[in-house]
Amino acid sequence: MFKHILVPVDGSPTSQLAVEKAIGLAKAFGSRVTAIFVIDPYPFTGVGTDFAYGQAEYLNAATSEANAAIKATKAAFEGAGVAVETSVIEAHTAWRGVVQAAESVQADLIVMGSHGRSGLEKLVLGSVTQAVLSHTRLPVLVVRD
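The shown structure was predicted, so the numbers you read here are calculated from the model rather than taken from an experiment. (Residues numbered from 1 in each chain as written. Predicted model: local features only at pLDDT ≥ 70, side-chain atom pairs only at ≥ 80, totals over all residues. Heavy atoms only, no water.)

K.L.:
Explain the overall build of the chain here, please?
P.N.:
Secondary structure assignment for the chain yields 5 helices and 5 strands. In the chain, the succession of α and β elements from N to C terminus is β-α-β-α-β-α-β-α-α-β. In the chain, buried positions account for 38% of the 145 residues. Contacts in the chain between residues at least 24 apart in sequence constitute 76% of all its contacts with a sequence separation of at least 6. Here the chain has roughly 8,300 Å² of accessible surface; of this, 55% comes from carbon and sulfur atoms. (Helix = DSSP H or I, 4+ residues; strand = E, 2+ residues; numbered from the N terminus. Buried < 20%, exposed > 50% of the residue type's maximum accessible area, 1.4 Å probe, protein only. Contact = heavy atoms within 4.5 Å. Areas by Shrake-Rupley, 256 points an atom, 1.4 Å probe, with all protein chains shown as cover.)

Right under this line is the structure:
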């Protein structure tokens, strides 16, 4: 039914639950799987040398976090006997990276976690999952903790 599943991860326990669901689906349908971690290279707005230093520090930390999450994700899939392609990508906002990656790899399903934020926290922090749901025509399986 699903030939290619895209699994965006962020290293959180909720994204790990999404990985587990994607493993089950990939086994059931013999699907190809691509797992991604999206880094927003420009999360700050500012100018000056202090900004440049902060930007470099942020990118180093984000890249390290992304590599660790992708490594754990790859190990989970391979440990379950499911082949997975992985990549760390850069995009202005995580949801755009997810939607663009889904189009690029020609995925026919996105499996992703949602942290279940509500109220002011959702308003301030936003929802990557909600934005993906709003901007893709693909089916999205949302996994919540």
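K.L.:
How should the pairing of strand S1 (residues 4-8) be read in this particular structure?
P.N.:
As a general feature of sheets, a regular strand has side chains that alternate between the two faces. Burial runs high along S1: 5 of the 5 residues are buried. The two faces of S1 match: His4, Leu6 and Pro8 on one face and Ile5 and Val7 on the other face are all buried. Here S1 runs beside strand S2 (residues 32-39); their pairing, made up of 5 bridges, is parallel. The partner of Ile5 across the bridge, within S2, is Val33. (Pairing = 2+ DSSP bridges.)

K.L.:
I would appreciate a short explanation of the environment of Ala107 in the present structure.
P.N.:
For Ala107, the position within the fold is in the loop between helix H3 (94-105) and strand S4 (109-114). Sequence-wise, Ala107 and Arg32 are 75 residues apart; in three dimensions their C-alpha atoms are separated by 8.8 Å. Once you skip the residues sitting within four places of it in the chain, Ala107 turns out to touch His4, Leu6, Ala102 and Leu138.

K.L.:
Would you explain the packing of aromatic side chains in this entry?
P.N.:
For any pair of aromatic rings, geometry is given as the distance between the ring centres together with the angle between the planes. Summed over all chains, the structure comprises 1 aromatic pair. Centre to centre, the rings of Phe2 and Phe29 are 5.6 Å apart; their planes meet at 85°, and the pair counts as edge-to-face. On the criterion of sequence distance, the pair formed by Phe2 in the segment before S1 and Phe29 in helix H1 (residues 13-29) is long-range, its members being 27 residues apart. Relative accessible area serves as the criterion here: at 34%, Phe29 is assigned to the partly exposed category. (Phe/Tyr/Trp six-rings, centres within 6.5 Å; stacked < 30°, edge-to-face > 60°.)

K.L.:
How do you make sense of the packing of H3 against helix H5 (residues 128-135) when you look at a structure like this?
P.N.:
Interaxial distance between H3 and H5 falls to 8 Å at its minimum, and their mutual angle equals 45°. Relative to H5, the element H3 lies oblique. The two elements H3 and H5 meet at a crossing, and its hand is right-handed. Only Val128, Ala131, Val132 and His135 of H5 make contact with H3, whose side of the interface consists of Ala94, Trp95, Val98 and Val99. (Axes fitted to C-alpha atoms, helices over the stretch in contact; angles between N-to-C directions. Parallel < 35°, antiparallel > 145°, perpendicular 65-115°, else oblique. Left-handed = near helix turned anticlockwise from the far one by under 90°.)

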